[in-house]
Amino acid sequence: MNTHPPKLIVIHPIYSASGYRQHLTAIDDSLVVHHHADSRFQLELRPMVKLTARGASSYAAAIQQLANDLQTSHRVVIVGRDGFLADLEQLARQHATDKEREEIERAAQVIAERARYQILDSLFEAPIEYKMGRMILAARERRTKANKNEQSGLNCMFGIPTPRAEQLWHSLRHQWCSPRDNAAGRVAWEEWCRANRPPMPTAV
């Protein structure tokens, strides 16, 4: 990750289909990775957010959170980046209260200014050898239960399915890290899972 900021967030939007149209309804468990100068990795999993018109999980709150992450030098990887950003901005404005409008416009401006160099689309901005694997990962259904007799590995650890954001990070780690840092990242992830693997919330 020498060519990338040491703070990374992997976001996987969730859509529901209705009347031949897709609607942004949630943001899946998001992985936050801090890569320290001594090669240590620190990981955090933000739980899934079911997006609403109002409240702490509103579209307005989500767009402001994204803008704040960008301003604190996080590199963000979003599955289906362009569609997600357009939908989030449109829905935030549509459901905004009068008090929220100014903050939403400020957040939208921050995102527009930083999108080209600070927000990546995990499906396309990669060498060809990584693209197919990431497309497969992104297309997987969200799982909250392990398969019968499923062994621990990248897809499932300690009986809990690995969120898709974590699976995509493993692909990014292989691409971005040196062999030494790649190994350190894998070990850090396994230790983090062992210490505080959070339970999977209910699927949307």
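Residues numbered from 1 in each chain as written. Predicted model: local features only at pLDDT ≥ 70, side-chain atom pairs only at ≥ 80, totals over all residues. Heavy atoms only, no water.

## Topic: the nonpolar core
Piece 1. Grouped together as the largest cluster of nonpolar side chains are 27 residues, with contacts concentrated most on Leu66, Phe84, Leu85, Ile111 and Ile119.
Piece 2. Here phenylalanine 84 is in contact with Pro13, Tyr15, Leu24, Ile27, Leu66 and Ile78, once residues within four sequence places are set aside.
Piece 3. Counting residues in each nonpolar core, the second largest holds 24 residues, with Leu45, Val77, Leu123 and Ala165 among its members. (Core = buried A, V, L, I, M, F, W, Y, C linked by side-chain atoms within 4.5 Å. Buried < 20%, exposed > 50% of the residue type's maximum accessible area, 1.4 Å probe, protein only. Contact = heavy atoms within 4.5 Å.)

## Remarks on the pattern of salt bridges
Piece 1. This structure, assessed with the given rule, holds twelve salt bridges.
Piece 2. Of the charged contacts, one joins aspartate 28 and arginine 142 as a salt bridge, the two residues approaching to 2.6 Å between their closest N and O atoms. Within this pair, whereas aspartate 28 is found in the loop between β3 (21-27) and β4 (30-35), its partner arginine 142 is found in the loop between α4 (128-139) and β9 (156-157), the two being separated by 114 residues in sequence.
Piece 3. Taking relative accessible area as the criterion, arginine 142 reaches 16% and is therefore assigned buried.
Piece 4. Its salt-bridge partner being aspartate 29, residue arginine 142 comes within 2.5 Å of it at the nearest N-O pair. With arginine 142 in the loop between α4 and β9 and aspartate 29 in the loop between β3 and β4, this residue pair connects regions lying 113 residues apart in the sequence. The exposure classification of arginine 142 matches that of aspartate 29, with both residues buried. (Salt bridge = Lys/Arg side-chain N within 4 Å of Asp/Glu carboxyl O. Helix = DSSP H or I, 4+ residues; strand = E, 2+ residues; numbered from the N terminus.)

## Side note on the packing of aromatic side chains
Piece 1. Overall, the coordinates contain one aromatic pair when judged by the stated rule.
Piece 2. Judged by centre distance (5.8 Å) and plane angle (70 degrees), the rings of phenylalanine 41 and tryptophan 169 are edge-to-face. Placement of phenylalanine 41 in strand β5 (residues 41-46) and of tryptophan 169 in helix α5 (residues 164-176) is noted, with a sequence separation of 128 residues between them.
Piece 3. Sitting over the ring of tryptophan 169, arginine 173 keeps its end group 5.3 Å from the ring centre. (Phe/Tyr/Trp six-rings, centres within 6.5 Å; stacked < 30°, edge-to-face > 60°. Lys NZ or Arg CZ within 6 Å of the ring centre and 35° of its normal.)

## Remarks on the pairing of strand β1 (residues 7-11)
Piece 1. When you tally the buried positions in β1, you get four out of five residues, the bulk of the element.
Piece 2. In this sheet, β4 lies alongside β1 in antiparallel orientation, the contact comprising four bridges. Note on β4: the bridge partner recorded for valine 10 is leucine 31. (Pairing = 2+ DSSP bridges.)

## With respect to the environment of isoleucine 128
Piece 1. Mapped onto the elements of the fold, isoleucine 128 is located in helix α4.
Piece 2. When the C-alpha positions of isoleucine 128 and alanine 188 are compared, they lie 27 Å apart, and in sequence the two are 60 residues distant.

## Considering the sheet that holds β5
Piece 1. Strand order in this open sheet of five strands is β5-β4-β1-β7-β8, and the pairing throughout is mixed. What marks the edges here is a single partner per strand, and that holds for β5 and β8 (119-121). Strand-to-strand twist of the sheet, defined as the mean angle between neighbouring strand axes without regard to direction, takes the value 20 degrees.
Piece 2. Pairing between strand β7 (residues 75-78) and β8: three bridges, direction parallel. The residue bridging isoleucine 78 from the neighbouring strand is aspartate 121, located in β8.
Piece 3. Contacting β4 and β5, helix α6 (residues 179-196) runs over the sheet at an angle of about 50 degrees to β5. (Axes fitted to C-alpha atoms, helices over the stretch in contact; angles between N-to-C directions.)

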